[in-house]
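A structural walkthrough
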Amino acid sequence: MDPAEMRYLEEEDGPMMKTIKGSVTGFAAGTIYGTILATWKDVPRVERNVALPGLIRTLKMMGTHGLTFAAIGGVYIGVEQVVQSYRGKRDFFNGAIGGFVAGASVLGYRARSIPTAIAAGATLAVTSALIDSGGQTTRVDNGREYYPYNPVEKTAKADA
């Protein structure tokens, strides 16, 4: 294994902490998404025995979307970390496998449909693979530092 990959694998955050962070971030994003959706939909008419029906519906939408996004984030990061640990490599396959499992399990369970599960898993897998493969760098660290200016010229001008 490449020493640069070993340094990445030895981060301070363990797989459990990364999974928790993924779930919390997903919950926050889903809550915001649920809030936006709730404001776009029509507010139900006010009924006699229901206090603040618009607020209750908004909170339900926020919670539903927040929990769904949290589950997707947690399953995605958790499976990605397990696959990365098992394979001993850090590449786009880990994210693709995590994306497929997250999409198929969470969104397929919500829809209660196998074709939807396969389609959601494939969509998240392709999206994750494209993002991960596009974010990889081809540069090799050769120890050189790059400055926005030429430090040799500045020292030569200062000596003159």
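Below is a summary of the structure that appears in this document. Here the structure is a predicted model, which means the values were calculated and not measured. (Residues numbered from 1 in each chain as written. Predicted model: local features only at pLDDT ≥ 70, side-chain atom pairs only at ≥ 80, totals over all residues. Heavy atoms only, no water.)

As a further point, take the overall build of the protein chain. Secondary structure assignment for the protein chain yields six helices and zero strands. Along its sequence from the N terminus, the protein chain presents helices and strands in the succession α-α-α-α-α-α. Residue burial in the protein chain is summarised as follows: out of 160 residues, 29% are buried. Residue pairs in contact within the protein chain that sit at least 24 positions apart in sequence constitute 61% of those at least 6 positions apart. (Helix = DSSP H or I, 4+ residues; strand = E, 2+ residues; numbered from the N terminus. Buried < 20%, exposed > 50% of the residue type's maximum accessible area, 1.4 Å probe, protein only. Contact = heavy atoms within 4.5 Å.)

This paragraph deals with the packing of aromatic side chains. Under the counting rule described, the total for this entry stands at two aromatic pairs. Its guanidinium or amino end placed over the ring of Tyr109, Arg112 lies 5.4 Å from that ring's centre, counting from NZ or CZ. (Phe/Tyr/Trp six-rings, centres within 6.5 Å; stacked < 30°, edge-to-face > 60°. Lys NZ or Arg CZ within 6 Å of the ring centre and 35° of its normal.)

Its 20 residues give helix α4 (residues 92-111) an end-to-end C-alpha distance of 27 Å, which sits within 8% of 28 Å, the value for a rise of 1.5 Å per residue. A positive backbone phi angle near 55° is found at Arg112, which sits one or two residues after α4. (Expected span 1.5 Å × (residues − 1).)

Turning to the environment of Lys21, a few remarks are in order. Turning to its location among the elements, Lys21 is positioned in helix α2 (residues 15-40). By relative accessible area, Lys21 is classed as partly exposed at 41%. A sequence separation of 52 residues divides Lys21 from Gly73, and the C-alpha atoms of the two residues are 8.5 Å apart.

The geometry of α2 relative to helix α3 (residues 53-87) is characterised by a closest axis approach of 6 Å and an angle of 150° between their N-to-C directions. Here α2 is positioned roughly antiparallel relative to α3, judged by the angle of their axes. α3 is crossed by α2, and the crossing has right-handed handedness. Here the contact of α2 with α3 is composed, by residue class, of twelve nonpolar, 15 polar and two charged. (Axes fitted to C-alpha atoms, helices over the stretch in contact; angles between N-to-C directions. Parallel < 35°, antiparallel > 145°, perpendicular 65-115°, else oblique. Left-handed = near helix turned anticlockwise from the far one by under 90°. Nonpolar A, V, L, I, M, F, W, Y, C, P; charged D, E, K, R; others polar.)

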